Protein chains: 2
Amino acid sequence: MAKPKKTPRPKAETPKGFRDYFGRDVTERAEMLASIAEVYHRYGFDALESSAVETVEALGKFLPDVDRPNEGVFAWQEDEGDWLALRYDLTAPLARVYAQHRNDLPTPYRRYAMGPVWRNEKPGPGRFRQFYQCDADTVGTASPAADAEICAMLADTLEAVGIPRGDYLVRVNNRKVLNGVLETMGLNDNAERDAVLRTIDKFDKVGEAGVRELLGKGRLDASGAYIDGVGLSEDQAGPVLAFLTSKGADAQTTLANLRSAIGESSIGAEGVQELETIAGLLAAQGYGPDRIEIDPSVVRGLGYYTGPVFEAELTFDILDEKGRKRQFGSVAGGGRYDDLVKRFTGQAVPATGVSIGVDRLLAALREKGRVGGSTQGPVVVTVMDRDRMADYQAMVAELRSTGIRAEVYLGNPKNFGNQLKYADKRGSPVAVIEGAEEKANGVVQIKDLILGAQIAENATLEEWKERPSQFEVPRDQLVAKVREILDGQG
Amino acid sequence: MAKPKKTPRPKAETPKGFRDYFGRDVTERAEMLASIAEVYHRYGFDALESSAVETVEALGKFLPDVDRPNEGVFAWQEDEGDWLALRYDLTAPLARVYAQHRNDLPTPYRRYAMGPVWRNEKPGPGRFRQFYQCDADTVGTASPAADAEICAMLADTLEAVGIPRGDYLVRVNNRKVLNGVLETMGLNDNAERDAVLRTIDKFDKVGEAGVRELLGKGRLDASGAYIDGVGLSEDQAGPVLAFLTSKGADAQTTLANLRSAIGESSIGAEGVQELETIAGLLAAQGYGPDRIEIDPSVVRGLGYYTGPVFEAELTFDILDEKGRKRQFGSVAGGGRYDDLVKRFTGQAVPATGVSIGVDRLLAALREKGRVGGSTQGPVVVTVMDRDRMADYQAMVAELRSTGIRAEVYLGNPKNFGNQLKYADKRGSPVAVIEGAEEKANGVVQIKDLILGAQIAENATLEEWKERPSQFEVPRDQLVAKVREILDGQG
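Residues numbered from 1 in each chain as written. Chains lettered and ligands numbered in written order. Predicted model: local features only at pLDDT ≥ 70, side-chain atom pairs only at ≥ 80, totals over all residues. Heavy atoms only, no water.

**Quick look at the overall build of chain A**
For chain A, the helix and strand inventory stands at 18 helices and 19 strands. For 490 residues, the compact-globule estimate of 2.2 N^0.38 gives 23 Å, and chain A exceeds it by more than 25% at 29 Å. If you line up chain A on its principal axes, its C-alpha atoms span 95 × 70 × 55 Å. The buried share of chain A, taken over its 490 residues, is 53%. Carbon and sulfur atoms make up 48% of the accessible area of chain A, which totals about 21700 Å². With 62 positive and 74 negative side-chain charges, chain A shows a spacing of 6 Å between the two charge centroids. (Helix = DSSP H or I, 4+ residues; strand = E, 2+ residues; numbered from the N terminus. Rg over C-alpha atoms; globule rule 2.2 N^0.38 Å. Buried < 20%, exposed > 50% of the residue type's maximum accessible area, 1.4 Å probe, protein only. Areas by Shrake-Rupley, 256 points an atom, 1.4 Å probe, with all protein chains shown as cover. Lys, Arg positive; Asp, Glu negative; His and termini not counted. Charge placed at Lys NZ, Arg CZ, Asp CG, Glu CD.)

Structure, rendered in structure tokens:
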């Protein structure tokens, strides 16, 4: 007789490309986001939290990252017929929110938003399908003062979370200047302009020479593949390269270089004027080129944005996975986009904003030792006599009432070694022990686990004797002694 | 000739049952969750953030709310075939996480989690398909000390967020006691037991008499419909009603009543013993019946949990939509559930936990005036001369550098009335004005908008003259004067 079929057990696995975050990974991110929110709030930005789910119709398809135009969303159909999807960024929902609530919102509307977004793309190492974004945008004003404000706020934010001045740089470019260059070149064909834009986007990777080749006949890739070029002549490609390399010793020089690159183009002149206004406003508030500078080599997002474009880079070196030094690189980017709301209302609504790469910035702070490192484990009160659980609970209640993180061991108390192993796994700084003898004598044993670990690793026998890591103290001095040890561990 | 078809504009609407949260609604919730996390952390609980998306397989179907067994999830199929879904609570993901990472996690594992969950159910007034949960659970210990700890932590949490002692009560019951009662009654048939459980679940709504009818022949509903009863005799129903109404003047009396209700049942005795242990541990830590009490009339979740069950109720009165007084009611619930992890591993893993109804608790705090009310609008620096934007930006930079929330008006500055309307919409406490004349004289005008609004509403002409709401101060006293006004507005 066949055995009755059993339902197989479900696999205990996150879906591919998703992950769990534990302990510090959660709290450090929360603390960083709270610091960022504090700066945004001080600048007059209001919090907005839209739902994770939008209609596919409202979401549209406006991914800023031109490298991955076919990137998908997670979508499903409702019983009644509407297609819904998880948001892939915080900008598309902002456009929907502004269109929906525009009569109730102030104009201009400054808002910030932080939370997870989802991308239905192939996961890879360190590349997840759910990740955090943190955005600030100003909707409803075309004033370059709004762009300048975003740049200043971005610099303040980086310093507020712990990136020292000198370790970051906010760089500003302008899509209109590039449009002016293209106009001067006589490049009015949209397909050709798009091809040039896509090429410029590779400037960070392939450099000036690479872009020159790609604008011309083409280029042999590092992989050995030949990439066809746009087909411009050396003369035609010239102004584009002049634009990309027009950064001078100071803002005035850069702006002069740009003015010559755009020739007679009026849209180009508008773009240079905007950059000049932004530079002036920032200088008046004391944001010098050590923090924010005009830099036409910023190409990220130039194809997406319609005016000023910003990027925040961390300029200190780190070692990559192969041990080579390289700059940490970009942690935030943004710019002006004037067409998002128009989809809904038919009216063009100017908007500008920035998005911080939360995970990258957090990684940078860890790199700089600005987060983590502090002992977060709880004091563990061990259980020597399971009938006296109430005594142990009273101890942790006393410790907690003074703000000390503490817990009673709640596993099987039979094996004391397991209790100490547990404390070790928890990263506990201190263990408290009260057996029958201690109870009778009105004392408790306090074990400094950090010192204990250090001694176990390094100490000579003499040192071991001199610096006991376990003390006996009167029961009523429990809290004071634990506090003393914690303060000493710093 | 037919007109060319235009793509219709997308509708700017949240999907049905979803909503946007603005400003204070976001920040007040974030502050409340941070206070809760602080207490949980102090108790030794570690943060966990799992992804919003799980495989349908891992999620299973373990909704605690027996009223709505067909409640759905938002699910979709991956290209490769896996079905994925948005989590509907934070407990099912915890079971998956624990099963997946159990070798790396401490045992017992105390964790807290907070974040949105999604339910694919029919939306209604005040009933949304995305909402926040905030859970704390201890996995891997069967000790009633873990249950007691959850109850104490829940009481501390309510006080930490602003519910005063006396305005809440944590009530504790135990499913095992009920099982003992059913055993004593000789009710071993599963279908019959389930019918009794479902009936008990209505105790809150229909009271003792209603439950008596429903356990017997049946009952005429308020709607006029006749609800068939379980069909027990009056004698058989007796012990169930004795259980539900066994709460005495103190814990000892209640426990004695329960002991007589369970007769010779050993599972019942186990349940009473657990309640006695919990009561003893809590009393030893000073949590008296003014904060936590044993109350067998707690029925919510009795069908779902396997041991102790907890519920936190707010005991102060509010007025309902019809102006009638009623108790605010439940804001948190939980209990012991020992089978969730077993689905994955085959091993039973005891667990206990609590879930706070974030939106209800926030509503309670608003009701008590514990959040909100403070002016959060920014100081608005108006633009009198658009060529001097740098001057205005410098003012807000000065204000912000001392921690004052401030912004420059970035809309069209032509109409000054619009600037003041904007300040009003933003809830601004103060407007700053510097026209050409003020600039020439080295002064600024400061307008106290809160006082101005009060005067406009109430003041006589004399008061108006005596308490000017607009002042002229030297430019270098801008920050000091604004600070003075803000402090005065308190």
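Next, the rest of the story.
**Some thoughts on the environment of Asp221(B)**
Residues and elements named next belong to chain B. Checked against the element boundaries, Asp 221 lands in the loop between β9 (218–220) and β10 (226–228). The partly exposed category is assigned to Asp 221, whose relative accessible area is 30%. Distance from Asp 221 to Met 185, taken between C-alpha atoms, is 27 Å for residues 36 residues apart in sequence.

**What about the confidence of the model for chain A?**
On average, chain A scores 89 in pLDDT, and the residues at 70 or more come to 93%. This stretch, residues 62–70 of chain A, has a pLDDT under 50; its non-local contacts, to residues over four places away or in other chains, come to 18 contacts. (pLDDT = per-residue confidence, 0-100. Contact = heavy atoms within 4.5 Å.)

**Comments concerning the UniProt feature "binding site: L-histidine" (unreviewed entry) in chain A**
Residue and element names in this part refer to chain A. In the numbering adopted here, UniProt assigns the feature "binding site: L-histidine" (unreviewed entry) to Asp 89, Leu 90, Thr 91, Arg 119, Gln 133, Asp 137, Arg 300, Tyr 304 and Tyr 305. Mapping Arg 119 onto the fold places it in the loop between β6 (109–118) and β7 (130–139). Arg 119 sits in the buried class, given a relative accessible area of 6%. Here Asp 137 lies in strand β7. The buried category is assigned to Asp 137, whose relative accessible area is 2%. (UniProt positions renumbered as here; feature names shortened; annotations may be inferred.)

**Regarding the pattern of salt bridges**
All chains considered together, the criterion is met by 73 salt bridges over all chains. Between Arg219(A) and Glu213(A) there is a salt bridge, and its shortest N-O distance comes to 3.1 Å. Overall, Glu213(A) belongs to the partly exposed group, its relative accessible area being 39%. With its nearest N and O atoms 3.6 Å apart, the salt bridge here joins Arg127(B) to Glu121(B). For Arg127(B), a relative accessible area of 34% corresponds to the partly exposed category. Classification of Glu121(B) as buried rests on a relative accessible area of 12%. Each of Asp46(A), Arg110(A), Glu149(A), Arg400(B), Arg405(B), Glu407(B) and Arg426(B) takes part in one network of salt bridges that share partners. (Salt bridge = Lys/Arg side-chain N within 4 Å of Asp/Glu carboxyl O.)

**Side note on the domain arrangement of chain A**
Assigned domains within chain A: domain 1 (16–142 + 348–373), domain 2 (153–337) and domain 3 (379–489). Of note, the centres of domain 1 of chain A and domain 3 of chain A, computed from C-alpha atoms alone, are 44 Å apart. (Domains from an automatic or database assignment.)

**As for the packing of helix α1 (residues 24–42) of chain B against helix α12 (residues 358–367) of chain B**
Pairs of packed helices are described in terms of their axes, by the angle between the two and the distance that separates them. All names here are of chain B. Following both chains from N to C, one finds α1 and α12 inclined at 105°, their axes separated by 11 Å at the closest point. One finds that α1 runs roughly perpendicular with respect to α12. On the side of α1, the interface is formed by Arg 24, Asp 25, Glu 28, Arg 29, Met 32, Leu 33 and Ile 36, while α12 contributes Val 358, Asp 359, Leu 361, Leu 362, Leu 365 and Arg 366. A breakdown of the residues in the contact of α1 with α12 according to their chemical character gives 7 nonpolar, no polar and 6 charged. (Axes fitted to C-alpha atoms, helices over the stretch in contact; angles between N-to-C directions. Parallel < 35°, antiparallel > 145°, perpendicular 65-115°, else oblique. Nonpolar A, V, L, I, M, F, W, Y, C, P; charged D, E, K, R; others polar.)

**Observations regarding the interface of chain A and chain B**
Listed as interface residues are 93 residues of chain A and, on the opposing side, 92 residues of chain B. Contact between chain A and chain B buries roughly 7700 Å² in total, counting both sides, with carbon and sulfur atoms accounting for 54%. Along the contact surface separating chain A from chain B lie 14 salt bridges. Here Glu49(A) ties to Arg29(B) by a salt bridge, and the two come within 3.2 Å at their closest N and O atoms. Between chain A and chain B we count 48 residue pairs in polar contact (both at pLDDT 80 or more) in total. (Buried area = accessible area lost by both parts, 1.4 Å probe. Polar contact = N/O pair within 3.5 Å; in protein donor to acceptor, adjacent residues only side chain to side chain.)

**With respect to the packing of aromatic side chains**
For the structure shown, the criterion picks out 17 aromatic pairs over all chains. Centre to centre, the rings of Tyr40(A) and Phe45(A) are 6.4 Å apart; their planes meet at 45°, and the pair counts as tilted. Per residue, the accessibility class of Tyr40(A) equals that of Phe45(A), and both read buried. With 5.7 Å between their ring centres and 45° between their planes, Trp76(A) and Phe74(B) make a pair best called tilted. With Trp76(A) in strand β4 (residues 75–77) and Phe74(B) in the loop between α2 (56–59) and β4 (75–77), this residue pair bridges two chains. Side by side, Trp76(A) and Phe74(B) carry an identical accessibility label, which is buried. (Phe/Tyr/Trp six-rings, centres within 6.5 Å; stacked < 30°, edge-to-face > 60°.)

**Topic: the relation of the copies chain A and chain B**
Of the two same-sequence chains, chain A is brought onto chain B (RMSD 0.1 Å, axial shift 0.0 Å) by a rotation of 180°. Considering both components of the superposition, the chain copies are consistent with a two-fold axis. No C-alpha of chain A approaches the rotation axis more nearly than that of Trp76(A), which lies at 2.8 Å. Of the residues that chain A buries at the interface, 99% are likewise interface residues in chain B, meaning the two copies contact each other through the same surface. (Least-squares fit on C-alpha atoms with pLDDT ≥ 70 in both.)

**A few points about the nonpolar core**
Of all hydrophobic cores here, the largest spans 126 residues; its most connected members are Val432(A), Val482(A), Ile36(B), Tyr40(B), Ile163(B), Val240(B) and Leu361(B). Setting aside residues up to four positions removed in sequence, Val240(B) forms contacts with Val181(B), Leu182(B), Met185(B), Val196(B), Ile200(B) and Leu215(B). (Core = buried A, V, L, I, M, F, W, Y, C linked by side-chain atoms within 4.5 Å.)

**Side note on the sheet that holds β7(A)**
Pairing is mixed in the open sheet, where 9 strands are placed in the order β11(A)-β8(A)-β12(A)-β13(A)-β14(A)-β7(A)-β6(A)-β2(A)-β1(B). With one partner strand each, in any of the chains shown, β11 (292–294) of chain A together with β1 (21–22) of chain B form the two edges of the open sheet. Both strand β12 (residues 308–319) of chain A and strand β13 (residues 325–336) of chain A contribute to a ladder of 9 bridges, which runs antiparallel. Pairing of Glu313(A) across the sheet is with Ser330(A), part of β13(A). Sitting on the sheet, helix α1 (residues 24–42) of chain A touches β6, β7 and β14 (351–357) of chain A, and the angle it makes with β7(A) is about 5°. (Pairing = 2+ DSSP bridges.)

**A few points about the pairing of strand β12 (residues 308–319) of chain B**
Residues and elements named next belong to chain B. Within β12, 9 of the 12 residues are buried, leaving the element largely enclosed by the surrounding structure. With 7 bridges connecting them, strand β8 (residues 168–174) and β12 associate as antiparallel partners. For Tyr 168, the partnering residue across the bridge sits in β12 and is Leu 314. Linking β12 back to strand β13 (residues 325–336) in an antiparallel pair, the connection comprises 5 residues, with Gly 323 at a positive phi of about 80°.

**Here's the deal with the environment of Gln130(A)**
Inspection of the secondary structure assignment puts Gln130(A) in strand β7. Residues Gln130(A) and Gly17(A), 113 residues apart in the sequence, show an inter-C-alpha distance of 7.8 Å. Among residues more than four places away in sequence, those in contact with Gln130(A) are Gly17(A), Phe18(A), Pro116(A), Val117(A), Trp118(A), Ser51(B), Ala52(B) and Val53(B). At 2.9 Å, the side chain of Gln130(A) and the backbone nitrogen of Ala52(B) are in polar contact.

**Description of the sheet that holds strand β18 (residues 443–448) of chain B**
Residues and elements named next belong to chain B. In spatial order, the strands read β16-β15-β17-β18-β19; together these 5 strands make up an open sheet with mixed pairing. The two strands at the open ends of the sheet, each matched to only one other strand, are β16 (406–408) and β19 (470–474). For this sheet, the mean angle separating the axes of adjacent strands, direction not counted, is 25°. Two elements, strand β17 (residues 430–433) and β18, share 4 bridges in a ladder whose sense is antiparallel. Counted as the bridge partner of Ile 433 is Gln 445 from β18.

**Let's talk about α12(B)**
All names here are of chain B. Turning to α12, its buried residues are Val 358, Leu 361, Leu 362, Ala 364 and Leu 365. Taken end-on, α12 shows its buried residues confined to a sector of 155°, consistent with a single buried face. Packing partners of the buried residues in α12 comprise α1, β7 (130–139), α4 (144–161), β12, β13 and β14 (351–357). Gly 369 sits one or two positions beyond α12 and adopts a positive phi of about 70°. (Arc of directions from axis to C-beta.)

**Describing the pairing of β14(A)**
All names here are of chain A. The buried fraction of β14 is high, at 5 of 7 residues. Sheet topology note: the β7/β14 ladder contains 7 bridges and is antiparallel. In the strand pairing of β14, Thr 138 is matched with Thr 352. Bridge analysis of β13 against β14 gives 5 bridges, and the strand direction is antiparallel. Opposite Gly 334, over in β14, you have Val 354 as the bridge partner.

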